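# Inside the fold
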Amino acid sequence: MTVDSSIMISFSTASKEYDNQTALRDITFMVEKGEMVFITGPSGSGKTTLLKLIYSAERPDSGHISVAGWDINNLKESTIPLLRRHIGVVFQDFRLLANRNIFDNVAMALRIRGAAEREIKTKVYESLKSVGLRHKSDSYPRNLSGGEQQRVVIARATVAEPNLLLADEPTGNLDADTAEGVMRIFKNINAKGTTIMIATHNKELYRNTGKKVIRLDSGNLVDVGKG
Ligand SMILES: Nc1ncnc2c1ncn2[C@@H]1O[C@H](COP(=O)(O)OP(=O)(O)OP(=O)(O)O)[C@@H](O)[C@H]1O
Ligand SMILES: [Mg+2]
């Protein structure tokens, strides 16, 4: 664990290249436990890459990253699942399992944490209700619209009240009212202690929130401001 246990995420001059092209350059910032932080910037500025570094789906080429006390630079492959057990993700490439119904897709997040079946039942229905999809629990992903699938992904990411939630353009597919509902869910779990990082183009999500906003441009951190 890190010395300072109030810190959830720390980047210190972290850089990431893909095929000799720099996606992130000398990024330094800190996120305290319990914060809700937004990452914004134009398409290709490095938002998704930054979230992937936190999730250890990509490794930094230089600099240092720690997440929840884990040293991401030196994390063993076998330790990655332990890190991920504490992280809920809303990523485009973490879609729902096609051969499992909606209930089981959401329940998965609790099952990998070893929750009891009774608790799983209560929490999954509660979580599906919060995204307005309680009535779809027996359906399969292919029978849901894109926006409904996105809401199930959000239920799956939040149901276990993870220590850290990473969301990449979580409201991209959603109409304004549904997006507002999703932000309300995020605020609720943030109030219960989950640290949240949201990458988004949508200024509406952070405007007047007073939350930290990390602005990226062409792989550089240009500004840490307030929404
Ligand atoms: N797997 C990859 N291989 C090679 N280059 C990549 C890969 N992933 C991202 N890049 C490049 O890295 C840069 C940053 O990409 P990233 O996906 O982090 O941007 P982003 O801010 O999330 O963009 P968007 O708003 O379009 O989602 C871009 O130039 C992109 O082309
Ligand atoms: Mg992206």
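Here, the structure is the one placed above.
Residues numbered from 1 in each chain as written. Chains lettered and ligands numbered in written order. Predicted model: local features only at pLDDT ≥ 70, side-chain atom pairs only at ≥ 80, totals over all residues. Heavy atoms only, no water.

### What to know about the environment of R142
The cut-off we apply is this: For the purposes of this entry, the term helix denotes a DSSP run of H or I that reaches at least four residues, the term strand denotes a run of E that reaches at least two, and both are numbered from the N terminus. Partly exposed residues are those whose accessible area sits between 20% and 50% of the maximum for their type, while under 20% is buried and over 50% is exposed, using a 1.4 Å probe and protein chains only.
Tracing the backbone shows R142 in the loop between helix 4 (117-130) and helix 5 (146-158). According to the relative accessible area criterion, R142 is exposed, its value standing at 65%. Placed 41 residues apart in sequence, R142 and N101 show a C-alpha to C-alpha distance of 9.6 Å.

### Observations concerning the packing of aromatic side chains
Test applied: Under the pairing criterion, centres of Phe, Tyr and Trp rings, with the six-membered ring standing for Trp, must be within 6.5 Å; the plane angle then separates stacked pairs below 30 degrees from edge-to-face pairs above 60, leaving the rest tilted. For a Lys NZ or an Arg CZ to count as sitting over a ring, it must be within 6 Å of the ring centre and within 35 degrees of the ring normal.
The final tally for this structure, using the stated rule, is 4 aromatic pairs. Residues F11 and F29 carry aromatic rings whose centres are separated by 4.6 Å and whose planes lie at 25° to one another, so their mutual orientation is stacked. Highlighted residues: F11 in strand 1 (residues 7-18) and F29 in strand 2 (residues 21-32), separated in sequence by 18 residues. A residue is classified by how much of its surface remains accessible, and F11, at 2% relative accessible area, is buried. Judged by centre distance (5.7 Å) and plane angle (75°), the ring pair of Y55 and F91 falls under edge-to-face. Separated by 36 residues along the polypeptide, Y55 in the loop between helix 1 (47-54) and strand 4 (62-67) and F91 in the loop between strand 6 (87-90) and helix 3 (102-111) bring together distant segments of the chain. On the basis of relative accessibility, which here comes to 7%, the residue Y55 falls in the buried class. The positively charged end of R134 is found above the aromatic ring belonging to Y125, 3.9 Å away from the centroid.

### Observations concerning the nonpolar core
The line we're drawing: Nine residue types can take part in a nonpolar core, namely buried Ala, Val, Leu, Ile, Met, Phe, Trp, Tyr and Cys, and a core is a set of them joined through side-chain atoms within 4.5 Å. For every domain, the bounds stem from an assignment made automatically or drawn from a database. Contacts between residues were defined by any pair of non-hydrogen atoms, one from each residue, lying within 4.5 Å.
One finds F38, V124, F186 and I198 to be the most contacted residues of the largest nonpolar core, which totals 37 residues. Within the residue set of this core, elements represented by two or more residues are strand 3 (36-40), helix 3, helix 4, helix 5, strand 7 (164-168), helix 6 (176-191) and strand 8 (195-199). Mapping this core onto the domain boundaries places at least three of its residues in each of domain 1 (1-86 + 163-227) and domain 2 (97-161). Apart from the residues lying within four places of it in its own chain, the contact partners of F186 are M36, I154, T158, L165, A167, P170, I196 and I198. Counting residues in each nonpolar core, the second largest holds 31 residues, with M8, I9, F11 and L216 among its members.

Take it as geometry only, folks, not as evidence of what the structure does.
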